[in-house]
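Okay, here's what each chain looks like letter by letter:
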Amino acid sequence: MNKIKYIGFHHCYDNRLKMNYGLAGTNKMEYVAKVLSKDLNLNVSLVSPSWYNSEYQTYNGAGNIYYDKIYYPKTVKTKGKILGYLNILYSNIWLTFFLLFKTSKNENILVYHSPWLALPIIISKKLKRFNLILEVEEIYGSVWKMPNFFNYLEKVIIEKADSYILVSEKLGKLLPEKPSVVLYGSYWQLAKKATRVNNNNKIKVVYSGAIDSFLGGVFNLIESAKYLNTDFEIHILGYGSSDELSKLENAIEKNNSLQSTAAIYFHGVKYGDEFNAFLQNCHIGVNAQYEGNHMNSAFPSKILTYLSNNLLVVSTNIASIKESSISQFINFSKDDSAKNIAECIENTSSQINTNHPNVIEKLEDGFIKGIGKLLIKRT
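Read on for a plain summary of the structure. (Residues numbered from 1 in each chain as written. Predicted model: local features only at pLDDT ≥ 70, side-chain atom pairs only at ≥ 80, totals over all residues. Heavy atoms only, no water.)

1. Focus: the overall build of the protein
When helices and strands are tallied, the protein shows 13 helices and 13 strands. Going through the 379 residues of the protein one by one, you find that 54% of them count as buried. When the accessible surface of the protein is split by element, carbon and sulfur atoms take 51% of a total near 17600 Å². (Helix = DSSP H or I, 4+ residues; strand = E, 2+ residues; numbered from the N terminus. Buried < 20%, exposed > 50% of the residue type's maximum accessible area, 1.4 Å probe, protein only. Areas by Shrake-Rupley, 256 points an atom, 1.4 Å probe, with all protein chains shown as cover.)

Listed below in structure tokens is the structure:
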């Protein structure tokens, strides 16, 4: 069997279209599709039930270098909650009928886990009996408050899956024992710059990811800036709601009004080569998320992004990271307090000429072999 369908919320390679998707999830799906198409020689069809969050637009469905075919529903303009909910309902109905008419028994179907996708997948799997490979980044019900119905659907789809792509070993201990492979993040093997451009001789600390008060992350890092001297500067790349971005700007302005602390700069969202080039001019990548049970089943994708771009990595004591096979390459703070994060950044700065040769290459080799065995097992 030389084909596979990959289902998940994904944009359509046109950032002008305001579609419902997650940037981190899309980036990881791109990597998995690369492995499936280029390393395992499969024809990959992307099936994205993403709906538009603004005006009606269409996409022609042409493939790209990783996807043989791309399918999206035609949703409509979503001004107001009622039309928004109708779009979501239509998207789920569209996905259900797509799977009922476009899949066959024992076909490998890979799904990037989301509670919004659970019901169409559960219904179509029961009727079509395809092999479900569930790519699980987190157990949503343990992190976010969801309606009981969605908590129930999440439990059902996890139970019905035939095998898993897991974001961490820690997550595997929380799920039913089934064939699985671990994928911490995107193992892109990037061309590294020979030298960093550092015109001001500052130690550049970077945060890349969601701007989210609940998870802490960037706001915790901003708080740590008051414990760092002017030898350091902090750069933030990320995305978030208008409310969160407003909070971010206020926090940065408050910090930068202090003359004796590390300056902070926000650069918005960057993509592709521009994004990687920016990171490779930094020294230390930081994951400053709050510790706690809500993070035990997740693995921040930014960790792999930093390592891929040859950065030193500082992180709080997230259990899934500490128990991973790459923990030896991470510098952990004593706890998630801003003061101890700053102390860890200072200690790590003495290692800025350290490299981690072949860590990403070894991770990729292991994943290619692991997912290859999963597909053979389920064919």
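2. Describing the sheet that holds strand β10 (residues 263-266)
Strand order in the open sheet made by the six strands is β10-β9-β8-β11-β12-β13, with parallel pairing throughout. The open sheet has two edge strands with one neighbour each: β10 and β13 (330-332). Shown here is a sheet whose adjacent strand axes are inclined to one another by a mean of 25°, direction ignored. By the bridge criterion, eight bridges tie strand β8 (residues 203-210) to strand β9 (residues 232-239) in an arrangement that is parallel. Each residue of the ladder has a partner; that of Tyr207, found in β9, is Ile236. The strands touched by helix α8 (residues 242-256) are β9 and β10; relative to β10, the strand with the most contacts, the crossing angle is about 155°. Packed onto the sheet, helix α9 (residues 272-280) meets β8 and β9 and runs at close to 160° relative to β9. (Pairing = 2+ DSSP bridges. Axes fitted to C-alpha atoms, helices over the stretch in contact; angles between N-to-C directions. Contact = heavy atoms within 4.5 Å.)

3. So, the sheet that holds strand β6 (residues 163-166)
With parallel pairing, the seven strands of this open sheet are ordered in space as β3-β2-β1-β4-β5-β6-β7. Pairing within the sheet leaves two strands with one partner each, and these edge strands are β3 (69-71) and β7 (180-182). Sheet twist, expressed as the mean angle between neighbouring strand axes with direction ignored, is 20°. Where strand β4 (residues 108-112) lies against strand β5 (residues 131-136), five bridges are found, and the strand directions are parallel. Counterpart to Val111 in the pairing with β5 is Leu134. Relative to the sheet, helix α1 (residues 23-39) contacts β1 (3-7), β2 (43-47), β4 and β5, its axis offset from that of β1 by approximately 175°.

4. Looking at the packing of aromatic side chains
In total, this model carries 10 aromatic pairs according to the counting rule given. Between the aromatic rings of Phe97 and Phe101, the centroid separation amounts to 6.2 Å while the plane-to-plane angle is 10°, which identifies the pairing as stacked. One end of the pair, Phe97, and the other, Phe101, are both in helix α2 (residues 81-102), four residues apart, so they sit about a helical turn from each other. According to the relative accessible area criterion, Phe101 is exposed, its value standing at 66%. Through pairs of rings, three or more aromatic residues link up here, namely Tyr31, Tyr66, Tyr187, Trp188 and Phe367. Its guanidinium or amino end placed over the ring of Phe332, Lys322 lies 5.1 Å from that ring's centre, counting from NZ or CZ. (Phe/Tyr/Trp six-rings, centres within 6.5 Å; stacked < 30°, edge-to-face > 60°. Lys NZ or Arg CZ within 6 Å of the ring centre and 35° of its normal.)

5. So, the environment of Asp365
Among the structural elements, Asp365 can be located in helix α13 (residues 359-378). For Asp365, a relative accessible area of 39% corresponds to the partly exposed category. Each C-alpha atom, one on Asp365 and one on Tyr187, is 9.5 Å from the other, the two residues being 178 residues apart in sequence.

6. A closer look at the pairing of β2
Judged by how many residues are buried, β2 sits mostly within the fold: four of five residues are covered. Two elements, β1 and β2, share five bridges in a ladder whose sense is parallel. Among the inter-strand pairings, Lys3 is bridged to a residue of β2, identified as Asn43. Two elements, β2 and β3, share three bridges in a ladder whose sense is parallel.

7. Section: the side chain of Lys28
Structurally, the position occupied by Lys28 is in helix α1. Not counting residues within four places of it along the chain, the set of residues in contact with Lys28 comprises Tyr6, Tyr112, Glu135, Glu137, Val167, Leu183, Tyr184, Gly185 and Ser186.

8. Let's talk about the side chain of Asp162
Tracing the sequence through the fold places Asp162 in the loop between α5 (148-160) and β6. Reaching out from Asp162, the side chain makes a polar contact with the side chain of Lys125 at a distance of 2.9 Å. A distance of 2.7 Å separates a polar atom in the side chain of Asp162 from the backbone nitrogen of Leu132. (Polar contact = N/O pair within 3.5 Å; in protein donor to acceptor, adjacent residues only side chain to side chain.)

9. Describing α1
Between its terminal C-alpha atoms α1 stretches 24 Å, which fits the 24 Å expected from 17 residues at 1.5 Å a residue. Buried residues dominate α1, accounting for 13 of its 17 residues. Looking at the residues trailing α1, positive phi occurs at Asn41, about 55°. (Expected span 1.5 Å × (residues − 1).)

10. A word on the environment of Gly172
Note on placement: Gly172 falls in helix α6 (residues 169-172). Among the residues examined, Gly172 registers a relative accessible area of 27% and is labelled partly exposed. Residues Gly172 and Val136 lie 36 residues apart in sequence; the distance between their C-alpha atoms is 9.5 Å.

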